[in-house]
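# Observations on the model geometry
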Amino acid sequence: MNQVSQTESTSAAPGGMTVSDTDVAIDVVGMHKWYGDFHVLRDIDLRVMRGERIVIAGPSGSGKSTLIRCINRLEEHQQGQIIVNGTELTNDLKRIDEVRREVGMVFQHFNLFPHLTILQNLTLAPIWVRGVPKAEAEDMAMHYLERVKIPEQAMKFPGQLSGGQQQRVAIARSLCMQPKIMLFDEPTSALDPEMVKEVLEVMISLAQEGMTMICVTHEMGFARQVANRVIFMDQGQIIEQNEPEAFFSNPQHERTKLFLSQILH
Amino acid sequence: MSIAFVRTDMAPSQSPPTRSSGLVGWARKNLFATPVDTIFTIIGVLFLIWAVPPIYGFIFPTSLGGNAVAPGGTVEQCRVENAGACWAYIAARFNFFIYGFYPISEYWRPNIVFAMGAVLIVPLLWPAIPYKGINALLFFVVFPVVSFYLLNGGVFGLKPVPTEQWGGLMVTLIISLVGIICSIPIGILLALGRQSDLPIIKTLCVMFIELWRAVPLITVLFMASIMLPLFMPQGMTVDKLLRALVGVTLFASAYLAEVVRGGLQALPRGQYEAGASLGLSYWKRMFFIILPQALKHVIPGIVNNFISLFKDTSLVSIVGIFDLLNTVQAASSDIDWASPTQAVTGYLFAAFVFWIFCFAMSRYSLFMERRLNTGHKR
Amino acid sequence: MAVQGNLRTAPPRTSFFNDPVVRGIIYQVVVAAIVIGFFAWIIVNTAQNLAAQNKSTGFDFLFRTAGFNISFTLIPFDRSSYYWEAFLVGLLNTLLVAVIGIFFATILGFVLGIARLSSNWLISRFATVYVETIRNIPLLLQLFFWYFAVLKAMPAVRDSISLPMGIYINQRGLFVPKPVPDDQFVWVYAAVVLALVLCFALSRWAKRRLETTGKRFPVLLSSIGLFLVVVAVGFVLSGASVSFDMPELQRFNFRGGLELPPEFVALVFGLTIYTAAFIAENVRGGIQAVSHGQTEAAQSLGLKEGDRLRLVIVPQAMRVIIPPLTSQYLNLTKNSSLGAAIGYPELVNVFTGTTLNQTGKAIEVIAMTMAVYLTFSLLTSAFMNWYNGRVALVER
């Protein structure tokens, strides 16, 4: 099954240091996933170190969203291992909750709760999951709203905000849980072009603070600027990965070349 | 050191591990996913074991391992203890359930009407078949007129058959078809009136629609059967079936108006404006631009309305008309076929007939809905 | 409509009839004239018809003695009662069956609606078969089935079927034990009120505690416990006792207990089963209307399943469910009029049936009946407008 060994590429941390377990944020080993009979993810090996910023690119249907959705168990994998923060994901609900508390996720369509105000969206999980007192949760929510530069919208409802503002709220909502890892599932794909920038700015500032991030996106400018590593997926498998500079300037695999030529024009 | 990696050969597509596919995987996922699921599944299976054999035994004849008396059986067989459904009784009174008291020698007349209806309605409902306009004209205008003279007689040497003798499924179909056919034009006018900005017309339409939608059909039928004769000039009598038809039509058109209004509101404003900018008059705009689109979108709604109407026609039995339900109810006191299962068998038969019609129509409505949705997206 | 505004910008030399404002007025005058003429024609005809039949009009008949009996009443009624009391009996019976039907149909409908979405194939299939069978068969037929084929086919009184807890069922209906509280029982009622107040206070306290300290408190379980304890203490301290009036088989019929006539049972059964199928569809639609993304967002925030449902999914689904649910309640109330066909003395049976037959006051009686249902309908739509205005999601 493991015809391709990835040990060489993943056993070393980006800085070339030797790896200790505490430095590993996510470890995916020989993972496979099927939708019914359709083999969506094949033989995925991926090790993400703390503070690492990874961009996953690939044509639609290549399984990149499915991969990051497996990491917080929105999708179930059938074979192989996924270890997040030292917790292996199994059917055990306790472990799943443990992992989800530490992993934030930002969705393509924001998925804010439309019946709650922005502030309530942000405080919901801290209050009900972490048991943070309401006043404290609200202070924290306001802090993160300021970080994403929309504190004045706190009392509005999601439906009253623009797409870019909603996505920034969604990021703030995840941050309120003080996650160790952030997953971004095409966060700018549903946005009008003029709003992409405001969301990317927030993501860049997060990256600069050393947040561990995995980001599925087509924003290659963002990849160049902040990623430590770019991963190219096709047909449910990791085809190629490299540092951004090398990845864009010198793609190796035929499929990567084809993909890059299509999206970079 | 480098993090670079390039896959040299592609991983082939494999079939999923057995526990996630095939029958076992299916059962694990759909029946035994959690302990609670397993408990529910076990309860469900026990329920099936408890419920299915008696039901099967009641419905299916002895030749299929049940206890029911097949058509052609005798009343004595139906009176045996633990006998199932008495289908022999249904077979014996079948003509009554279909034609009511219509003279046997004239059965060919309703039969022709049934055949004509079927021949006209199938191509009308089939989206791919062309000539919808002429087809609709035949079904909605020519067919009712021809059917009326054929059934009622009194012309071309046909023996007159007064409506008191009509009955059974025939009357159920007549009432629901007349109800829907008459209510479509009235409902459209009411819907347009409700959307109009002429205050008097709007108010009248709103009052009409809301009044009939507010009251139960049974009171409408009482009103039609008791008050209609009072409203007519002295000496003028109104046929009992016609009274029920008036009641059903008033009721149905109010509901249809609301369905059509939904279609009118769903149309983008641009359509109204485009019509106006072409310089068309109000009626031309409505008939050539707005209504064709609006009506197309509400076909599923109209069909659903028709399903309700079809079920509601059973209420005419309360004002003494022999529709399908009333013939079954009347026959259940037929002493010749008296048996413990007589009434139940009759209700099962009627339920089955109603169910077949309604279920088929609801599937059709779903089919049109999907078709319209995909058409819309493109 | 903007359309007409556009037409108004036509050249000024427009002829009199082509002015849309004038045209609109003419249309309306014509329609109004036709409607008024129609009603005048009807009124004249009716007056002539009534005169020919020597009948008068007016509501004075309401204060005449009804002279008939009603088998099932919530207020005292006998032959010497007035017609307006008969009207009231019918109205109350309609409301009774509607309230009970709504209660059971809601429970059954929600269970079925959720079952239809169950990941358990068997359970969702059961719910689907139920819904597709029940809603495609006329309600009247189902009522006939329950009444004539099931309840009337029950054994005679002597051979009553005995169910657990002293319940008997036979041709004459359902006989259940009737609780008879003694005088001290007023203290128990007081304890119930106190317990409810305490539970309310507890939930307020738990909410504040959550907000200030972030500590959760099992409100539901402790409320149930508190309620039971308070009521039990009240019961013991007051020395109240409740005796049960058990139905007992006498020579010809049951004595004592609470007698539920078969018409009532069949109507409640039929309305519940029929309406539940429609409510189930509304519930399913409402839950499905909440996008899966909402569940995923809640999951990825680490909310547990119970919290996910309570805080995210149910509040959103209920906004979608409540308006059609209200109209199902209205439908059930209107459909309770079918009780007339199986002899349950509700409004249509007592008033539009018996009263109309005896008095011949067709217009008055039908107008009053329709006015009742019209009132129900207006109240329902007033509620719906209020609710929709209150919960409408704020959009840009």
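So, how was this worked out
Residues numbered from 1 in each chain as written. Chains lettered and ligands numbered in written order. Predicted model: local features only at pLDDT ≥ 70, side-chain atom pairs only at ≥ 80, totals over all residues. Heavy atoms only, no water. UniProt positions renumbered as here; feature names shortened; annotations may be inferred. Pairing = 2+ DSSP bridges. Helix = DSSP H or I, 4+ residues; strand = E, 2+ residues; numbered from the N terminus. Axes fitted to C-alpha atoms, helices over the stretch in contact; angles between N-to-C directions. Domains from an automatic or database assignment. Contact = heavy atoms within 4.5 Å. Buried area = accessible area lost by both parts, 1.4 Å probe. Salt bridge = Lys/Arg side-chain N within 4 Å of Asp/Glu carboxyl O. Expected span 1.5 Å × (residues − 1). Buried < 20%, exposed > 50% of the residue type's maximum accessible area, 1.4 Å probe, protein only. Arc of directions from axis to C-beta. Core = buried A, V, L, I, M, F, W, Y, C linked by side-chain atoms within 4.5 Å. Polar contact = N/O pair within 3.5 Å; in protein donor to acceptor, adjacent residues only side chain to side chain. Nonpolar A, V, L, I, M, F, W, Y, C, P; charged D, E, K, R; others polar.

Looking at an unreviewed UniProt entry, one finds chain C named Amino acid ABC transporter permease and attributed to Devosia limi DSM 17137. In its Sequence similarities (unreviewed entry) section, the UniProt entry covering chain C states "Belongs to the binding-protein-dependent transport system permease family. HisMQ subfamily."

Going by the annotation in an unreviewed UniProt entry, the name recorded for chain B is Amino acid ABC transporter permease, with Devosia limi DSM 17137 given as the source organism.

To continue, consider the sheet that holds strand β1 (residues 161-163) of chain C. Residue and element names in this part refer to chain C. Overall, antiparallel pairing links the 4 strands, which are arranged β1-β2-β3-β8 in an open sheet. Looking at which strands have only one partner, the edges of the open sheet turn out to be β1 and β8 (258-260). The mean angle between the axes of side-by-side strands here comes to 20 degrees, regardless of whether they run parallel or antiparallel. As paired elements, strand β2 (residues 167-170) and strand β3 (residues 173-176) share 3 bridges and run antiparallel to each other. Across the sheet, Y168 pairs through a bridge with F175, a residue of β3.

This next bit is on the UniProt feature "domain: ABC transmembrane type-1" (unreviewed entry) in chain B. Per the UniProt annotation, the sites labelled "domain: ABC transmembrane type-1" (unreviewed entry) are residues 169-360 of chain B. Spanning residues 169-360 of chain B, this segment combines 79% helix with 0% strand, and its end C-alpha atoms are found 16 Å apart.

Moving on to the domain arrangement of chain B. All names here are of chain B. Segmenting chain B into domains produces domain 1 (22-78) and domain 2 (95-372). For domain 1 versus domain 2, the separation of C-alpha centres amounts to 37 Å. Taken together, the contact between domain 1 and domain 2 spans 5 residues of the former and 8 residues of the latter. Buried area between domain 1 and domain 2, summed over both chains or domains, comes out near 480 Å², and the portion from carbon and sulfur atoms is 78%. Contact with domain 2 buries surface across domain 1, with F58, V75 and C78 losing the most and accounting together for 87% of the total. Counting every contact that joins domain 1 to domain 2 gives 0 salt bridges.

The next thing to look at is helix α7 (residues 219-238) of chain C. All names here are of chain C. With 20 residues, α7 ought to run about 28 Å at 1.5 Å a step, and its terminal C-alpha atoms sit 28 Å apart, in line with that. Three or more residues of α7 are buried, namely S223, V230, V231, G234 and S238. Taken down its axis, α7 places every buried residue within 95 degrees of arc, on the same side. In α7, the exposed positions that point more than 90 degrees away from the buried face belong to L221, L228, V229 and V236.

Within the largest apolar cluster, 214 residues are counted, with the highest numbers of intra-cluster contacts made by I26(A), I44(A), I56(A), V84(A), F97(B), W166(B) and L264(B). Not counting chain neighbours up to four residues away, the residues in contact with I44(A) comprise V28(A), V29(A), G30(A), M31(A), L67(A), M233(A), G236(A), Q237(A) and I238(A). By size, the runner-up hydrophobic cluster in this structure holds 49 residues, among which are F110(A), A170(A), V202(A) and M213(A).

What follows concerns the pairing of strand β9 (residues 229-234) of chain A. Residues and elements named next belong to chain A. Burial analysis of β9 places 6 of its 6 residues in the buried class, the great majority of the element. Burial along β9 is two-sided: the residues R229, I231 and M233 and V230, F232 and D234 are all buried. Pairing geometry for strand β3 (residues 53-57) and β9, over 4 bridges, is parallel. Each residue of the ladder has a partner; that of A57, found in β9, is F232.

Further remarks concern the interface of chain C and chain B. Many descriptions give the size of an interface as the accessible area lost when the pieces come together. Contacts between chain C and chain B engage 57 residues on the former and 62 residues on the latter. Around 5,200 Å² of area is buried between chain C and chain B when both sides are counted, 71% of it from carbon and sulfur atoms. Here chain C and chain B share 1 salt bridge between them. Measuring nitrogen to oxygen at the nearest pair gives 3.2 Å for the salt bridge that ties R363(B) to E132(C). For the pair chain C and chain B, the interface holds 14 residue pairs in polar contact (both at pLDDT 80 or more). Secondary structure elements with two or more residues in the side of chain C that touches chain B: α1 (2-8), α2 (20-52), α4 (121-134), α5 (139-151), α8 (262-289), α11 (347-359) and α12 (362-391) of chain C. Here the side of chain C that touches chain B gets 14 residues from one element, more than from any other, and that element is α2(C). Here the residues of the side of chain C that touches chain B are counted per class, giving 37 nonpolar, 17 polar and 3 charged.

Moving on: the environment of L143(C). All names here are of chain C. Position of L143 among the secondary structure elements: in helix α5. Distance from L143 to F264, taken between C-alpha atoms, is 11 Å for residues 121 residues apart in sequence. Not counting residues up to four positions away in its chain, the partners in contact with L143 are A266, L267, G270, L338 and I342.

Residues and elements named next belong to chain B. Here the UniProt feature "transmembrane region" (unreviewed entry) sits at residues 38-59, 112-129, 136-158, 170-193, 214-232 and 347-368. For residues 38-59, the end-to-end C-alpha separation is 31 Å, with 100% helix and 0% strand making up the annotated structure. For residues 112-129, helix accounts for 78% and strand for 0%, while the C-alpha atoms at its two ends are 23 Å apart.

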